[in-house]
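Descriptive structure summary
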Protein chains: 4
Amino acid sequence: ANRARMLISCPDRPGIVAAVSQFLYEHGANIVSSDQYTMNPDGGMFFIRFEFDLQDLDRELPKLQEDFVRVADRFEMKWHIFRASRKKRIAIFVSKEDHCLLELLWQWQAGDLDAEIAMVISNHPDMRQLVESFGIPYHHIPVTPETKAEAERLQLEKVHEGKVDLIVLARYMQIITPRFIEYFPNRIINIHHSFLPAFVGGKPYQQAYDRGVKIIGATAHYVTEELDGGPIIEQDVQRVSHRDDVASLKRIGRNIERTVLARAVKWHLEDRIIVFQNKTVVFN
Amino acid sequence: ANRARMLISCPDRPGIVAAVSQFLYEHGANIVSSDQYTMNPDGGMFFIRFEFDLQDLDRELPKLQEDFVRVADRFEMKWHIFRASRKKRIAIFVSKEDHCLLELLWQWQAGDLDAEIAMVISNHPDMRQLVESFGIPYHHIPVTPETKAEAERLQLEKVHEGKVDLIVLARYMQIITPRFIEYFPNRIINIHHSFLPAFVGGKPYQQAYDRGVKIIGATAHYVTEELDGGPIIEQDVQRVSHRDDVASLKRIGRNIERTVLARAVKWHLEDRIIVFQNKTVVFN
Amino acid sequence: ANRARMLISCPDRPGIVAAVSQFLYEHGANIVSSDQYTMNPDGGMFFIRFEFDLQDLDRELPKLQEDFVRVADRFEMKWHIFRASRKKRIAIFVSKEDHCLLELLWQWQAGDLDAEIAMVISNHPDMRQLVESFGIPYHHIPVTPETKAEAERLQLEKVHEGKVDLIVLARYMQIITPRFIEYFPNRIINIHHSFLPAFVGGKPYQQAYDRGVKIIGATAHYVTEELDGGPIIEQDVQRVSHRDDVASLKRIGRNIERTVLARAVKWHLEDRIIVFQNKTVVFN
Amino acid sequence: ANRARMLISCPDRPGIVAAVSQFLYEHGANIVSSDQYTMNPDGGMFFIRFEFDLQDLDRELPKLQEDFVRVADRFEMKWHIFRASRKKRIAIFVSKEDHCLLELLWQWQAGDLDAEIAMVISNHPDMRQLVESFGIPYHHIPVTPETKAEAERLQLEKVHEGKVDLIVLARYMQIITPRFIEYFPNRIINIHHSFLPAFVGGKPYQQAYDRGVKIIGATAHYVTEELDGGPIIEQDVQRVSHRDDVASLKRIGRNIERTVLARAVKWHLEDRIIVFQNKTVVFN
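Since the structure is predicted, the reported quantities are computational estimates derived from the model, not experimental observations.

Basis of the calculations
Residues numbered from 1 in each chain as written. Chains lettered and ligands numbered in written order. Predicted model: local features only at pLDDT ≥ 70, side-chain atom pairs only at ≥ 80, totals over all residues. Heavy atoms only, no water. Helix = DSSP H or I, 4+ residues; strand = E, 2+ residues; numbered from the N terminus. Rg over C-alpha atoms; globule rule 2.2 N^0.38 Å. Contact = heavy atoms within 4.5 Å. Areas by Shrake-Rupley, 256 points an atom, 1.4 Å probe, with all protein chains shown as cover. Least-squares fit on C-alpha atoms with pLDDT ≥ 70 in both. Axes fitted to C-alpha atoms, helices over the stretch in contact; angles between N-to-C directions. Parallel < 35°, antiparallel > 145°, perpendicular 65-115°, else oblique. Left-handed = near helix turned anticlockwise from the far one by under 90°. Nonpolar A, V, L, I, M, F, W, Y, C, P; charged D, E, K, R; others polar. Domains from an automatic or database assignment. Buried area = accessible area lost by both parts, 1.4 Å probe. Pairing = 2+ DSSP bridges. Salt bridge = Lys/Arg side-chain N within 4 Å of Asp/Glu carboxyl O. Polar contact = N/O pair within 3.5 Å; in protein donor to acceptor, adjacent residues only side chain to side chain.

Right, let's get into the overall build of chain A. Counting its regular elements, chain A contains 8 helices and 13 strands. The C-alpha atoms of chain A give a radius of gyration of 21 Å, which matches the 19 Å a tight globule of 284 residues would have. Seen through its C-alpha atoms, chain A measures out along the principal axes to roughly 60 × 40 × 35 Å. For chain A, restricting intrachain contacts to residue pairs at least 6 apart in sequence, the fraction spanning at least 24 positions comes to 67%. As displayed, chain A has an accessible area near 11,500 Å², and 49% of this comes from carbon and sulfur atoms.

The transform that puts chain C on chain B rotates by 180 degrees and translates by 0.0 Å along the axis, for an RMSD of 0.0 Å. With respect to symmetry, the two chain copies, as superposed, fit the operation of a two-fold axis. In this assembly the copies share their binding face: 100% of the residues contributing to the interface of chain C also contribute to that of chain B.

This paragraph deals with the packing of helix α3 (residues 99-109) of chain B against helix α8 (residues 246-269) of chain B. When two helices pack together, their arrangement is given by the angle between the helix axes and by the axis-to-axis distance. Residues and elements named next belong to chain B. Taken N-terminus to C-terminus, the directions of α3 and α8 make an angle of 45 degrees; their axes are 9 Å apart at the nearest point. In this view, α3 runs oblique relative to α8, as classed from their interaxial angle. Considering only the axes of α3 and α8, their crossing is right-handed. Here His 99, Cys 100, Glu 103, Leu 104, Trp 106 and Gln 107 of α3 lie close against α8, whose contacting residues are Arg 254, Glu 257, Arg 258, Leu 261, Ala 262 and Val 265. Residue composition of the contact of α3 with α8, by class: 6 nonpolar, 2 polar and 4 charged.

The next thing to look at is the domain arrangement of chain A. Residue and element names in this part refer to chain A. One can read the domain layout of chain A as domain 1 (3-83) and domain 2 (88-282). Here domain 1 and domain 2 have C-alpha centroids that lie 31 Å from each other. Between domain 1 and domain 2, the contact holds 12 residues from the first and 9 residues from the second. A buried area of about 910 Å², summed over both sides, lies between domain 1 and domain 2, and 66% of it is on carbon and sulfur atoms. Three residues stand out in domain 1 for area buried against domain 2, namely Arg 5, Leu 7 and Phe 47, and they jointly supply 45% of the buried area on that side.

Closest axis-to-axis distance for the α3(B)/helix α3 (residues 99-109) of chain D pair is 12 Å, and the angle between their directions is 160 degrees. In this view, α3(B) runs roughly antiparallel relative to α3(D), as classed from their interaxial angle. Viewed along their axes, α3(B) and α3(D) form a crossing whose handedness is right-handed. Within the contact between the two elements, α3(B) uses B:His99, B:Leu102 and B:Trp106 and α3(D) uses D:Leu102, D:Glu103 and D:Trp106.

Attention shifts here to the sheet that holds strand β5 (residues 88-94) of chain D. For sheets, the rule is that strands pair by backbone hydrogen bonds, running either parallel or antiparallel. All names here are of chain D. Ordered by their spatial adjacency, 7 strands build an open sheet running β7-β6-β5-β8-β9-β10-β11, and the pairing between neighbours is mixed. With partners counted over all chains shown, the strands left at the sheet margins are β7 (138-140) and β11 (232-239), one partner each. Along the sheet, successive strands turn relative to each other by an average axial angle of 20 degrees, direction set aside. Of the pairings in the sheet, the one linking strand β10 (residues 215-222) to β11 comprises 7 bridges and is antiparallel in character.

Once chain B has been moved 0.0 Å along the axis and rotated by 180 degrees, it coincides with chain A to within an RMSD of 0.0 Å. A shared interface surface links the copies, since 100% of the contact residues of chain B are contact residues in chain A too.

This brings us to the interface of chain B and chain A. Chain B puts 35 residues into the contact, and the matching count from chain A is 35 residues. The largest contributions to the chain B side of the interface with chain A come from B:Arg211, B:Lys214 and B:His242, which together make up 24% of the buried area. Salt-bridge contacts for B:Arg239 lead to A:Glu234; the nearest nitrogen and oxygen are separated by 3.0 Å. There are 24 residue pairs in polar contact (both at pLDDT 80 or more) connecting chain B and chain A. If one sorts the elements of the side of chain B that touches chain A by residue count, strand β11 (residues 232-239) of chain B sits on top with 7 residues. Grouping the constituent residues of the side of chain B that touches chain A by class yields 16 nonpolar, 8 polar and 11 charged.

Here we come to the sheet that holds strand β8 (residues 166-169) of chain C. Residue and element names in this part refer to chain C. Judged by pairing direction, the sheet is mixed, and its 7 strands sit side by side in the order β7-β6-β5-β8-β9-β10-β11 without closing on themselves. Taken across any chain shown, the strands that pair with only one partner, and hence form the sheet edges, are β7 (138-140) and β11 (232-239). Strand-to-strand twist across the sheet, computed as the mean angle between neighbouring axes with direction ignored, equals 20 degrees. The pairing of strand β9 (residues 188-192) with strand β10 (residues 215-222) spans 4 bridges and is classified as antiparallel. Across the sheet, the residue bridging to Asn 190 is His 221, located in β10. Strands in contact with helix α5 (residues 148-161) are β5 (88-94), β6 (115-122), β7 and β8; relative to β6, the strand with the most contacts, it is inclined by about 165 degrees.

Here is the structure:
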């Protein structure tokens, strides 16, 4: 309950680790783990993640944050502190394929995803029963070319009402508009069913079949305005052969997709990801 | 010494396996292994590979081939029989990176590549000593924009003199012209240092770094007129992270490239590959 | 509906493929795929799997089987023909861990496991609701040292009543007795949560942690009298590090276990496995 | 040239990171990377690795080390500082298989292994020419049951003369005695050609074949008195099938062995490994 996580990005410069760890020590925090990365030792960016324990965290954190501003200013830091016990609230968007949704629900039920699943939103009614059997609200918001704007308004209303921190597109087959993305910068995770940047866009398994690749993959990334172009969080692959037709690629791919998406979501929930210039630093 | 391999492609139809295996049996051949693939059971293409042993192969093969024409005609087969003991002759083309060449030389020396390495051709003089220490002729044929046509003429002369069956581009950084390719259809293997179709063209590791992928790969393919667009034979990948800069990606990639290329060459040498519509069937 | 599969084992000898494919051709069967393996070309065992289509299979099969006896006798074959449309009936045994069961249920529901799940049997009551929500009967048969024999009698009664073809131990944490195994030779698949033969027996993740391995795995195998010693069907692994404690290994391992078990079950259902001398030939 | 690396183990306690990074900062060192691991947040061991740059390292280091004693004492640290520019000296021991040796030589030549290869010692004369062509001394020290003690004495003499820091057993097929090991605690790396702890001892590929595993592997570990029982540094695996006989397993295995061994050696050279209770912490 007294565990916190701190993410910092700043220009590299001598003394950063010393300053922060000294600061934490003086405030009574015990560093449980730290992980850092310097993009380029000669004048690049510096990224660091701390996990620390602090007695009476809830009461002490505001003071610690206030005091940290001085350190942050000195090093021009972008920083954030997260309380580990404060579960993030997720909205899962889904269309007709259920495997990614199911994986998230199972892992959540098994205690492997440390989050609240605030709601599932779908443009189809199909998965209502499944989702509600987990005690999770299900909002069926149909999307047609004519109602797209209204549907998005409704979606935003729901996620704002639900105080959602993270949106997970678990094979949600609709384009998210820039206006929507603006509300959740680096807080919408999508699973694309190919090894990006190969096979951007629609029907990636058909594309993979047509090209005759020997390995297929899936990619979890943050959603940006560029289709399938956002910062990649995680990828994985599996070997296939000429014997695999499109149906077989889809079947194999489902297993990759769900695993990759669940890993990416887990890392986000554990505050392990920093985005910089359309790429991710993942401290795992 | 009496081992042969047979590759057949034809439209699918009942009775093919029966006809061929009956034919082989009646000619005294013992089928050691067979592997087949039907692209689409309802009227697609059919591919099969046999390995068989035949007493006195060298003497008996011409008769068997002559007799097989009748079977082949009946089923509209494209077919070829290879004697396993007749080693294919390879020309390796290389520029300045030596890892793929070295891998092929080592595997060849270890007895893992069943071929004659007839020559190494390079647009640079750097690897002469290394190659000649293996007892292999080294032809340094410089390539400049002005001399490109003449260089190609020289290369063709060398490979024809050397009775070369297979050309391996082991990180040869020059474009092969369509005219050259025509002489060696599906008999030029290139290693591309990315997971195709991602990162076609130059500097794929830089491209991979810029995109922030979490896995990199390499692709061995037959060379066709379309740059990096030929039939894929083999691919493999390895996990990387934000910590890997371009130099590190190259270092990791070298290991993937050499392994993938050596596997593809091995399969070609063992007559395991059939090309159909810009894709490969690999019986392995 | 007219698809059948044939598995044959016999001593290697010339003419087997010819004889069988000729036989099938003459009986009007069209071979859709064949896969063979000769253990040792000089006098070893020979294994082959055919898939074929036969008009009016249900009516024609008895005659074909009767006629095949002559071929089989000539080559001393052990053989079996399976109708693809005749779904195998599975009993899943489970204790308290649900991930392997869930994976099977989900793949079954998604149409990826071509079987009837006849029942789930458990020594715990915990998963009744889950299982019954899939419309599958759930038999809670408690097992204690005193009631073990009686429990086994009950289990056998249930699986016999249910005309079960295959038993899947989906993390069933009880020893199966030789007497029980005798009823289902090479028809009980177990998932062991280690990369066998490493870490036989109990608490394999603890063992793996104590030894400090850098990769963990799981193994699906047919159950024989020797604990964790039966023919291995499939294995897979995943990389771990010093950072993974036992809980983390278990979490990572769950994903490997369920994938490996589902693959093994799928191959069994598709009649792709031949057991010979405590090893498997898997035609996939 | 001014880069140093620091490895520390000590009982976990608040303030360690702060104390060390403060210390380094005050001595003018710039931390380039740090990586830490706490075995068990509630009272376990703590491990940390720093890379730092220090102006005039050669001149300043003695003073810094002297001053650090006070910090080290306070936290009961085991610690060591390595100058990155001070190349470690390696002796490679080899018998008749050359693939692991070749890999090390090639990576060394390519600049991927930052070390001096001081010598190669072999119980066979076979690889003298190869090794000497790299400009590396080759000592042929035959080993027979009668001369074993004398051979070991000679080996020790050679490695002491050569000021060797690390011994790499690159498929050296002789047992190293406890007396020899004592001179190089956690400084002898062996490659075992199986996925330990499976298939300890001789002929692991034969053992793997007999057991019918579907994946084979290799393990690099520090040598201790217990045969194949020392701390595991790195492992890797590759998929095989029933088609792979022992010769094929060996061929596939060679590729795994050389890759795994080279990785382990590289990590040792970069001071990334801490051994604790027969396990390794690898900061990579």
